[in-house]
Amino acid sequence: MAIKCVAARVQILLLLCLAPLPSHKCDDINPTTPQPPPCPEVLSVGIPEDEYRLEDDGDLVHRDRTYPVGSHWHDGNWTRGCVCHVAPKPCLRKCCAPGEILSTSLSRLDPCQPNDAGGAQDELKLDPQRTSSSMRHQLTSRPSIHDWFTLFKPSSQVCAEKFVFMDLNPDKYPEDAHVLHENGSLYMESTGLLGAERFCVDRQMARTGLTVIVCLEQTVPEEETSTAVRIGYVLSVPFLAVTFLVYAIIPELRNIYGKTLMCYVFALLSAYSTIFATNFVEFSTVCHILGEFAYTFTYRVCTRMIDCVFC
């Protein structure tokens, strides 16, 4: 009898030891699993550790703002707060810090410069042609952008690395036409609605009104393909130059057909050279100039090709 009891106890112990452990969710096993931030980083501000107070209920108090639970998070040595979650009005990003405006060159890394006009930067008036119809009827009594939106300058760059940095100039380029909505979103026909994290507004040197900078998604080409294209440009340029020189030096080749071919080769040579040069400049005035030249020479290539066909 005693032997049977011992055997039964051994069986029970074996069953308990070999039984599978109850399954747990990952967040139960590891409560420190990083969670996604409650808002995009570009719509938040960094708060130094010694400048805020954490309440018992989890609210974070920084200066005159209170960030409730779910509106702030810890990121390394900084605590970040979601400004748009606590702003009294729809928020817009300001491209530059107080006392600065956008420069004419618009370098991606440092697009701002000191504002020599002083308080003129605060006079940010909305353009009726660039606002929605619901706002347009009230701009007479509420012309300032501060009447509609809460402006803030985030502590991060204007555009993340994965986005293309581009300023809109609808007066010069019709495709840059845009409409600012009352909820703080921006509409462009080519992109649709853009949230506040995808654009910023500010004054710009030598331009009137507001300048809008948008962050557009870019499709990065395969590195191998991009490298092959650059190599193709480099190899094509010297051969095109030799062809042009041969036709320019030999008098017998400088007839109407030869001159037409020389124009075609020169346009192709210039187009390849400017397109290749754009790979080594950032988005700035120089890039704009090179782009204009590349477009012009490429257009001339097409027209000269037609001339060659019908000669």
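Residues numbered from 1 in each chain as written. Predicted model: local features only at pLDDT ≥ 70, side-chain atom pairs only at ≥ 80, totals over all residues. Heavy atoms only, no water.

Draft legend 1. A look at the sheet that holds strand S15 (residues 199-202). If you walk across this open sheet you meet the three strands as S11-S16-S15, and the pairing is antiparallel. Looking at strand neighbours, the two that pair on one side only are strand S11 (163-167) and S15, the edges of this open sheet. For this sheet the average axis-to-axis angle between neighbouring strands, irrespective of direction, equals 20°. Bridge analysis of S15 against strand S16 (residues 211-217) gives four bridges, and the strand direction is antiparallel. Bridge pairing in S16 places Asp202 opposite Thr211. (Pairing = 2+ DSSP bridges. Helix = DSSP H or I, 4+ residues; strand = E, 2+ residues; numbered from the N terminus. Axes fitted to C-alpha atoms, helices over the stretch in contact; angles between N-to-C directions.)

Draft legend 2. Broad picture of the confidence of the model for the chain. For the chain, per-residue confidence averages 75 on the pLDDT scale, and residues scoring 70 or more make up 77% of the total. Here helix H1 (residues 2-18) stands out as the least confident element of the chain, with mean pLDDT 40; strand S12 (residues 178-180) is the most confident, with 90. The low-confidence segment residues 1-31, where pLDDT is below 50, has two contacts with residues more than four positions distant or belonging to other chains. (pLDDT = per-residue confidence, 0-100. Contact = heavy atoms within 4.5 Å.)

Draft legend 3. Quick peek at a nonpolar patch on the surface. On the surface, Val242, Leu245, Val246, Ile249 and Ile250 cluster together into a nonpolar patch covering about 430 Å² of accessible area. Following the sequence through the fold, Ile250 ends up in the loop between helix H5 (223-249) and helix H6 (256-277). The exposure class assigned to Ile250 is partly exposed, which follows from its relative accessible area of 35%. (Patch = residues over 30% accessible without salt bridge, like charges linked within 9 Å, V, L, I, M, F, W, Y side chains within 5 Å. Areas by Shrake-Rupley, 256 points an atom, 1.4 Å probe, with all protein chains shown as cover. Salt bridge = Lys/Arg side-chain N within 4 Å of Asp/Glu carboxyl O. Buried < 20%, exposed > 50% of the residue type's maximum accessible area, 1.4 Å probe, protein only.)

Draft legend 4. Up close: the packing of aromatic side chains. Throughout the structure, instances matching the rule amount to one aromatic pair. For the pair Phe244 and Phe266, a centre-to-centre distance of 5.9 Å together with 45° between the ring planes defines the contact as tilted. With a gap of 22 residues between them, Phe244 in helix H5 and Phe266 in helix H6 connect regions that are remote in the sequence. (Phe/Tyr/Trp six-rings, centres within 6.5 Å; stacked < 30°, edge-to-face > 60°.)

Draft legend 5. View of the pattern of salt bridges. One pass over the full model with this rule turns up six salt bridges. As a salt-bridge pair, Arg63 and Glu51 come within 3.4 Å of each other at their nearest N and O atoms. Separated by 12 residues along the polypeptide, Arg63 in the loop between strand S3 (60-62) and strand S4 (65-67) and Glu51 in the loop between strand S1 (44-47) and strand S2 (53-54) bring together distant segments of the chain. The exposure class of Arg63 is exposed, given its relative accessible area of 67%. Between Asp171 and Arg130 there is a salt bridge whose closest N-O contact spans 3.4 Å. A residue pair is termed long-range when its members are at least 10 positions apart, and Asp171 in the loop between S11 and S12 and Arg130 in the loop between strand S9 (112-114) and helix H4 (133-136) qualify at 41 residues. A relative accessible area of 71% means that Asp171 is categorised as exposed. Classification of Arg130 by relative accessible area gives buried; the value is 17%.

Draft legend 6. Just the environment of Phe165, in detail. By the secondary structure assignment, Phe165 is in strand S11. On the basis of relative accessibility, which here comes to 1%, the residue Phe165 falls in the buried class.

Draft legend 7. A look at the nonpolar core. One finds Leu92, Ile145, Phe199 and Val214 to be the most contacted residues of the largest nonpolar core, which totals 19 residues. Listing elements by their share of this core, those giving two or more residues are strand S13 (186-188), S15 and S16. In contact with Val214, other than residues within four places in its own chain, are Cys159, Val164, Phe165, Met166, Leu168, Leu186, Met188, Leu194, Arg198 and Phe199. Residues Leu102, Leu106, Cys112 and Ile213 belong to the second largest nonpolar core, which totals 12 residues. (Core = buried A, V, L, I, M, F, W, Y, C linked by side-chain atoms within 4.5 Å.)

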